[in-house]
Structure formats: C-alpha cells, structure tokens
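Residue strings, one per chain:
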Amino acid sequence: MTGNESRTDKYFGQALKRKEDPRFITGTGNYTDDIVLPGMLHAAMVRSPYPHAKIGGINKESVTGMPGVVAVLTGQDIADAGIGSIPVGWLLPELKTPAHPAIALTEANHVGDIVAVVVAENRALAEDAASMLEVDYEPLPSVAFAGAAIAEGAPVVHDDVPGNVAFNWEIGDATAVQEGFNAAYKTVKLKLTNQRLIPNAIEPRASLAQFTPASGEYLLYTTSQNPHIHRLILAAFVMNIPEHKLRVISPDVGGGFGSKIFQYQEEVIMLLAARLMGRPVKWTARRSEAFVSDMQGRDHETETEMAVDKDGKMLAFRVNTLANLGAYQTLFAPAVPTYLYGTLCNGVYKLPAVHVKVQGVMTNTVPVDAYRGAGRPEATYAIERTVDAMAHALGEDPAEFRRKNFIQPEDFPYQTPVALVYDSGNYEPALDMALGMMKYPELRAEQERMKGSNKILGVSVISYVEACGLAPSALVGQLGAQAGQWESSLVRVYPTGKVELFTGSHSHGQGHETAFPQIAADELQIPIEDIDLVHGDTGRMPYGWGTYGSRSAAVGGSALKVALQKITAKAKKIAAHLLEASEEDVEHENGVFRIKGAPDQSKTFFDVALMAHLAHSLPDGMEPGLEATAFYDPKNFVYPFGTHMAVVEIDTDTGKVDLRNYGCVDDCGPLINPLIVEGQVHGGIAQGAGQALWEEGAYDEEGNLLAASYMEYTMPRADDLPMYQIDHTVTPSPHNPLGVKGIGESGTIASSAAVANAVLDALWHECGIEHLDMPYTAEKVWKAIRDSRAGMGQAADD
Amino acid sequence: MNVTMNVNGKPYTRDVEPRTLLVHFLREDLLLTGTHVGCDTSQCGACTVHVDGEAVKSCTVLAVQADGMDVTTIEGIGTPGDLHPLQTGFWEKHGLQCGYCTPGMIMASAELLKHNPSPSEQEIRYHLEGNYCRCTGYHNIVKAVQHAAEIMAQGGQAGGQAADD
Ligand code: FES
Ligand code: FES
C-alpha cells in the first residue's frame, strides 16, 4: 500500500524484537562465504609453521601440475605488482613500524604469516596443493613474550626495530605521583599479567574479490566491521586503486569483537588474484587459520602501585606496562595500549595524580590489536585489582573503599590527570543498586559461614568507567589517528512515504537494523515498518568509519538524528505551504503536520513526501525531493559507567571455580532498545568471564601457539555460565542529540576484573592469597591453595 | 560418486568426491547456506542439522554417509511465514545477535525439545554444550528455548505450526 499508517507510540526505549532476525532464524542470512559468483576460484594460504624464518626458495612447480591448480602467488608477485605495505592507522611519536607485506617476501615473522597462496578451481583442491607446496625455510631465533623480547641479547624480530621496542609512551605527571607516594599512609604494589586472548567470532573471516577489466572496477565482499576503512586503505595505501573504482561490501557478518576491523593480508591477496586470474577469487578461513591469523588481544605485563592517605583517600596511582604487539603493527595497534588504556587508568576515582608508562614490544607472535574493549578492560583490570588489594591492606570493605573515593556528581565534567574529561556520571546510585540487587550483606554472611569448608565463596564489587565514541576528529588527529572519527547518515524518503536510512556504521550483531529505525520512526512519526536501514556497502552509503569502540549509537545514531531533523524541517516547510499557513503555525504531532489550534487541517508525512517528489506545489525556490545527509562529529567521547558484581564458589579440593551469580548496573544513558542493550551486556560479560576463568592464547617461549584450536583454547559454553542480573541507571551524555553512550563493550570492560576480584576475594579470605593471574583454571587455583596452606605450616594440616 | 538424500523433504542426487563433508554438500552442492561452518575440530556446533531425525554436526559426517537418509536443515524447519516455535523463541527472546551460531543452536535445541518437552535451565545449558555462541552469553538462548517449550506445550507443533493445521 501507499502512505503510512498513522501511529502515536514512541519507539525509542522500547524492547522491540529485531527487524533483522527473520533472515537469521530461517537460515537465509547472507554471509561472505555464502556468496557464489560465476566462475569463482578459491584460494588457500600457505602459512609459516615457524615463528621466525628466512624464506629461501619457493618451488611453484611442486604444485602447478596438481589437479585444479590455477596459480601460485608469492611475496614476489606482491612486490612485482607494486603493492604497498599494510599501513598502521594510528601513529605515536617516534613509532617504529616495520613493513607488513601482504605475502612475506624474505622473512616470516610469526606462525601463520602468509608465505604463498594457491589458487585453484575449488577449495579442496586449493588446500591440497597448499599443503604440498615446497618452501625452503631457514628458522631464525625467535621470542614470544614482551619481557623476554626487551632483555639483553634477545632475538630481534625486525632489524629496523632494534631491541624490539616499537614505542615508549607515557601520560600523567610522574613527579606529582611521586609526591603522592612520599606523603602516603599506605601503599600497595601488584604485578599483573593480562593474558593474550583470541577473539574467535564464530564466523571465520572470508573475502571474495572480483575485477571487471573493461571498467577497472573491483568488488570486494569481506567480513569487515568498517567497509569504508577497508576501501580507503586498500585504495590509497596498498593497492593504488582509484577509490571510486573499489566497492567494498560487508554483508552479514558473524560477529567481530574488534577482530574484523583491520585491513588483513588476505583481502589484498584476493583483489590481486582476481585481477591476475580474470575470475572472482574467494578465501574463507578455517578455524585453525583464524587462530594464527586473526588479530589477537590484550597481552600486558603490568606493575601497579597505589598510595592512600590515613583516611583511605587515594593519593596516587602508578602503572608500568609492557604491551606485546606481536609481529606486526596493524590498524589501531599502537592506540590500544596507549590512548585507549593509559587514559582510562584513572577509573572512577578522584585521584590527584596518575602516571602511566607503556612500552610497546614486538615479538614473533600473531599481531595484537583491538579486541572487545581494547585497552579499557586492561585499564579496569589494572586499577580494580589494585583497589581491591588496597581495600584488603586497609581492612576496609571493597565497596565502601570505592564509594568514598568516587568522583562526585557535582564534579562533572571531570578533568582527570590523564587527559580525559568525563562528560557526565553519577557513580553511587549504580553501586547501591548493584549491592541491593545482589544482596551484598547476605553474601558476606554466607562467605563467613562457608569459610574453612571445602566450598568457599568469593564476592566482588567493581566500578568502572569507559570512554567510547572516540571524538572529536580534531582531537584524535592530534593524538595520532590517521582517520576521522565522525559518522555520516543519509535519510532517503520515497514518494510513497517509505524511508531508507543509510549509515556508515556497521552491524555484525548489534541490531542496527532495528535501533536506527526506532530513532527514525520517532522523529518522522511514522510506523517503524515503513523504515529500513542499509549499511555495509560503500557503493550505497555516504562515507563512514564503521563500528568499533562502541561508537554506533553515540556517533552513528547522532548522525542519523541530525539528518532526520533536516528531513522534518523541510517536511514542515512543505506542509505549511500545502496548508497555506506560516511555518510557525504548523506543528508536527501524532504523525501529522497540522495547524496549531485547527487539528482538522493537517497533512500526513505521506502527503508531504509525495508533494516533495511531484513538486507541483512547493515553497518558492525549494528544491524537490526529500533526502538529507548529515556528517556528525561529536564534541567529546562518551563515558558509560557502572558497577559489576560476581559471586564465585570455589571447590578447594579440586580448585574448580564456579561462577554462581553475576549482576551489574550499567549506565549507558537512555536505552534505545533495552532488549538489544541487555544482549550486548550479556555477551560482554561472557567474554570477560571467559578471560578470567578459561581463555588463554598461550605460546611457548619461541612463539609456537599452544592454544591453536577449540581443543586448547577454552571459551565459555552454555553450562559454564549463570543467568545474569542486569539493571541500569540513566545519566544522559550532555553533548550528543540522543544523550546516548555506548554499551557494546561495557560488559567485557568490567567483567574480567569483576570475576578475577571475586576469585581473589575467596582466596584472600580463605588463605590470604593477594594475587594470582588469570585465567583461574582449576589446576592453578588448586595449586595456589595447596601452596598457601603449605606455607601456613601446621595449621593447614589440621 | 553418487549420493541421494532427502533434504527438507525434497530428493536430491549429486555426484560428489567421496571426501565431501555433509556440510559442504549442503552449502556448496545444494546452496543451502543456512548451515554454517565455525570450526574444523567438530566443536562449535554451527553446522548442526538433523539426519534421520537426530541432531548431527554435519562437518563430522561425510555426504556419502548420509546417502539414502532424510536430512533437515534450518531452511526446512520453518519459514518466515510459518516459524517453528524455536525460531519464534529465538526471535522473541533476542536469542541471537550476529546470527551465525543460530541455525545450529535451533537445530540442536529442536532435538532437546523432542525428547524433553519442558527442560530446566540446567538441562538446556547441558544439552547445548556442543554449540558455541560468542555473542549472547547464552542467557537469552536459554530463555528462547524455554519460550519455545511453552509455545509447544500450548499446542504449537515442532516442524511448522501452520503446516500441521
Ligand atoms: S563446524 Fe564446528 S562443529 Fe561443525
Ligand atoms: S549470535 Fe553470534 S555467535 Fe551466537
């Protein structure tokens, strides 16, 4: 039918079920590996089995006669095609960035580095040949851990990064911090490892490229969180393709968690192969490839120190971190352990002085870049672990110790000693709600009762703040970003009153196709069924920067709001003209434009949309059509916050940790769709709990990945986790038109620290263990309990 | 070699390499791409389908092993106009985010509900132990399965509600 049904309800804030779900629940989603192009070839990667090796000869003839093999590509083919190094997108002062070729030419620098590619008629034949290709490797000395890599005489990963140090970075006032320590009543010091994680979106990465010689146009389907960034990098820096001749489509994407932000080697290879072969070429990662080629996360070795005065007020916080960057620096790698980490090391506290020093270290491991939370979970872990240690040292309750050090509501906007200005916040209500929801006093009483038995209880209370929606562009540019951080939106109204929204933001599970139309349906006052969102295709959308850093709602949603306001402003002018009234006398209410005081004189959105296109009667000088684009550059980051609580039960006979309850109160400003928000929190909690209890991207000291499949890398399964208790407080951001903050990463940012602190709370109460590194596997916990009891001597044997 | 099987009620015969996995047969030969591949060690469950009524990881079965059998995939369990109660449950309870694990989750859950029409939270969690989801933290998946069980208890049938009317 034509036109829009009239409506009066408000969509913003409603827990609507998602518009995108029918295709996913019926198996008709469209993921990259689902796409078949006529004449399509398949590629298989030949990956280095060595952490570090010189590449001698590659005998292409060893496979060229095999069934179905069309071509073998090596680093030489990349060099001959004039293809550039994969660039780093965030530059720090004096950053050392070794070259990162799409196919290694002389040296492989981590297990999984691509040394050759076989293209064949189908995937099985390509993989057959890839497994047979003769490559001469000369293994070189290698190093996996950041601490070892900076030691005297350590193997050097790249000759142009002597000592393996890619950067030295610091923030805050070291002298002021020292003064805090000089005046301290008490200090604590911790040594923390934030272990390597492997993101493991369940859809493996995939790319499919096509080249049209007559027009010189390329088409790339790829599993990307940000197709415009891919296009920009590929066009301008790597492939030298005119930007308008490259269309990047990121169709349905099966989870990202950061790992699908980056420009990867395989995308470059597919574009080149498609051009050289004159046929479309597809590559889909096996899970075992994903383990050695998807960018990994975390991997910090950190020392923290905190000083308090005699009233238990924090005086100073000092952090010293070695960040393992892996073998190459990828898109955001230098920013993650610096601007996304050091600046957050203030937490939610009124800390007079903070100083953070970070050394970025190259090793022969898979590169490390943004993984859900990117720097902020590491910061939360560093500060919240230390805060608990201090509460123990002072003999104070961890919740009350936090409360008395909180930044207060009247302090906002709050300038921290590490550069950020927190926009808004009110930390105590979230703390109180969480304590009430989880029945904190009862938990402490239960803990007392269980003490000494073979089941002990641990309870944590952590409060976090995070920064998301990085902005404004001018500021992030000063900090080293080689990209803008605004977002765009296009709103296109058709003559029938139906509407398409276009965003540069991308959904790979976040529910944009529902949340964005919710915003639009309210502004346009039409049914949500008349609105669809288009995203993920550089050929259809205006420019944009994609989805990462929980920016979609705050930045992309705000861009949409601004574009919608342009539509309603023009619509109102048209309506006034049609009603022969002055614009000031027209109001937009209950789905119609009507003359104030004369409600029967009205025009629907459809009337206006139709006239905008017929253009038979428009105000003087007005352009026909009803379409608007907005480019929105935020004034500041947004700062979600909240309190998370974990309850664990530990079996002291086996060391097994059971996550019994988990509760949280988050504040992400107004909720566009509570169903989606809660889903984001659930998933985030699971990933952070995964880090605390099971996940570890373990390497041996030479750089062989020991956890290289789901058999060794343990992610949480359904029966490992409890139901979560979730609530919210609402403190709007004062500087964006929706007041919204981000929620995509909060769960992860808070939950590793929350679960870790719960485990340590149990172990501290039971046997005085002050710290143990994640993940808290049964073996590790059992050993820690045994050792502490042995250390306690006789008493433990009774 | 030739394999013949009934997939979602339709007979298909195709000439395949003996090493072809059932999941690749479904995705590449029959273009039924609703069944996904998430791993190469039989651990993620994204590829779960029904073979002769039992939930099976189709990456762990050769196409030739399913010769002569009845296979049901996510495409055959319900349609947008006629959803299976589990499809409704996952939609209503936001049991999916990226949707990649969802077909496998639904097919695995369908088997549970067949044998246990009103499973407890723990039974659901235990039954879905072979299926990874990286997005949802499983909370809403549990609620989705419970919701489906309620629909079925109220008379909604597994295998297409309206289809059985
Ligand atoms: S694809 Fe992972 S279990 Fe079958
Ligand atoms: S919904 Fe994304 S993996 Fe389950």
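1. A few points about the nonpolar core
- Formed by 222 residues in total, the largest nonpolar core has its most connected members in Ile650 and Tyr776 of chain A together with Phe90 of chain B.
- A per-element tally of this core places helix H19 (residues 746–767) of chain A first, with twelve residues.
- Apart from residues lying up to four places away in sequence, tyrosine 776 of chain A is in contact with Tyr381, Val657, Ala692, Leu693, Ala756, Val759, Leu760 and Val781 of chain A.
- Grouped together as the second largest cluster of nonpolar side chains are 50 residues, Phe12, Ala520, Ala628 and Tyr632 of chain A included.

2. So, the sheet that holds strand S1 (residues 2–7) of chain B
Residue and element names in this part refer to chain B.
- Strands sit in the order S2-S1-S5-S3-S4 across an open sheet of five strands; the sheet is mixed. For this open sheet the edge positions go to strand S2 (10–15) and strand S4 (54–57), each flanked by a neighbour on one side alone. On average, each strand axis in the sheet is tilted by 40° relative to the strand beside it, whichever way the strands run.
- Where strand S3 (residues 48–51) and S4 come together, four bridges link them in antiparallel fashion.

3. Here we look at the domain arrangement of chain A
Residues and elements named next belong to chain A.
- The domain boundaries assigned to chain A delineate domain 1 (4–28 + 486–632), domain 2 (32–140 + 204–253 + 260–293) and domain 3 (376–467 + 638–797).
- For domain 1 versus domain 3, the separation of C-alpha centres amounts to 40 Å.
- Listed per partner, the contact involves 24 residues of domain 1 and 21 residues of domain 3.
- Counting each side, the surface lost to burial between domain 1 and domain 3 is near 1500 Å², with a carbon and sulfur contribution of 66%.
- When residues of domain 1 are sorted by the area they lose upon contact with domain 3, Phe12, Ser550 and Ala554 head the list and together hold 32% of the total.
- At the boundary of domain 1 and domain 3, one finds zero salt bridges.
- Linking domain 1 with domain 3 are seven residue pairs in polar contact (both at pLDDT 80 or more).
- Secondary-structure elements contributing two or more residues to the side of domain 1 that touches domain 3 are helix H15 (512–524) and helix H16 (552–578).

4. Here's the deal with the packing of helix H18 (residues 674–693) of chain A against H19 of chain A
Residues and elements named next belong to chain A.
- Where H18 meets H19, the closest approach of the two axes is 7 Å, and the angle between their N-to-C directions is 45°. Considering the angle they form, H18 stands oblique to H19. Judged by the twist between their axes, the crossing of H18 over H19 is right-handed. Here Val681, Gly684, Ile685, Gln687, Gly688, Ala689, Gln691, Ala692 and Leu693 of H18 lie close against H19, whose contacting residues are Gly747, Thr748, Ser751, Ser752, Val755, Ala756 and Val759.
- A breakdown of the residues in the contact of H18 with H19 according to their chemical character gives eight nonpolar, eight polar and no charged.

5. Brief notes about unusual backbone geometry
Residue and element names in this part refer to chain A.
- A cis geometry characterises the amide bond from phenylalanine 412 onward to proline 413, with omega recorded as -5°.
- Structurally, the position occupied by proline 413 is in the loop between helix H11 (398–405) and strand S16 (414–415).
- Phi at asparagine 590 is positive, roughly 50°, even though this residue is not glycine.
- Along the polypeptide, asparagine 590 turns up in the loop between strand S23 (586–589) and strand S24 (592–595).
- Exposure remark for asparagine 590: the relative accessible area of 44% places this residue in the partly exposed category.

Scoring rules and cut-offs
- Numbers given for residues are sequential positions, taken from 1 along each chain in its written order.
- For this description, chains carry letters from A and ligands carry numbers from 1, given in the order in which they are written.
- Selection of residues for local features in this predicted model requires a pLDDT of at least 70, selection of side-chain atom pairs for listing and counting requires 80 or more, and totals for whole chains, interfaces and linings are taken over all residues.
- As a rule here, side-chain values come from all non-hydrogen atoms in the structure, and water together with hydrogens is ignored.
- Residue types Ala, Val, Leu, Ile, Met, Phe, Trp, Tyr and Cys, when buried and joined through side-chain atoms within 4.5 Å, form a set referred to as a nonpolar core.
- Relative accessibility decides the category of a residue: with a 1.4 Å probe and only protein chains considered, values under 20% of the type maximum give buried, values over 50% give exposed, and everything between is partly exposed.
- For helices the rule is a DSSP run of H or I covering at least 4 residues; for strands it is a run of E covering at least 2, with both sets numbered from the N terminus onward.
- Contacts are residue-level and defined by heavy atoms, with any inter-residue pair within 4.5 Å sufficient.
- Should DSSP find at least two bridges between two strands, the strands are taken to pair.
- Each axis is a line fitted through C-alpha atoms, and for a helix only the stretch in contact is used; angles between axes span 0 to 180 degrees, taken between their N-to-C directions.
- By convention here, the domain bounds are inherited from an automatic or database domain assignment.
- For any pair of parts, buried area is found by adding up, for both, the accessible area (1.4 Å probe) each one loses once the two are put together.
- In what follows, salt bridge is the name for a side-chain nitrogen of Lys or Arg lying within 4 Å of a carboxyl oxygen of Asp or Glu.
- In the analysis that follows, any N or O atom pair within 3.5 Å is treated as a polar contact, provided that within protein one partner can donate a hydrogen and the other can accept it, and provided that, for residues neighboring in sequence, both atoms belong to side chains.
- Any angle between 65 and 115 degrees counts as roughly perpendicular, while under 35 counts as roughly parallel, over 145 as roughly antiparallel, and the rest as oblique.
- Take the far helix as your reference; a near helix turned counterclockwise from it by less than a right angle gives a left-handed crossing, and one turned clockwise gives a right-handed crossing.
- Residues were grouped as follows: Ala, Val, Leu, Ile, Met, Phe, Trp, Tyr, Cys and Pro as nonpolar; Asp, Glu, Lys and Arg as charged; and all remaining residues, including Gly, as polar.

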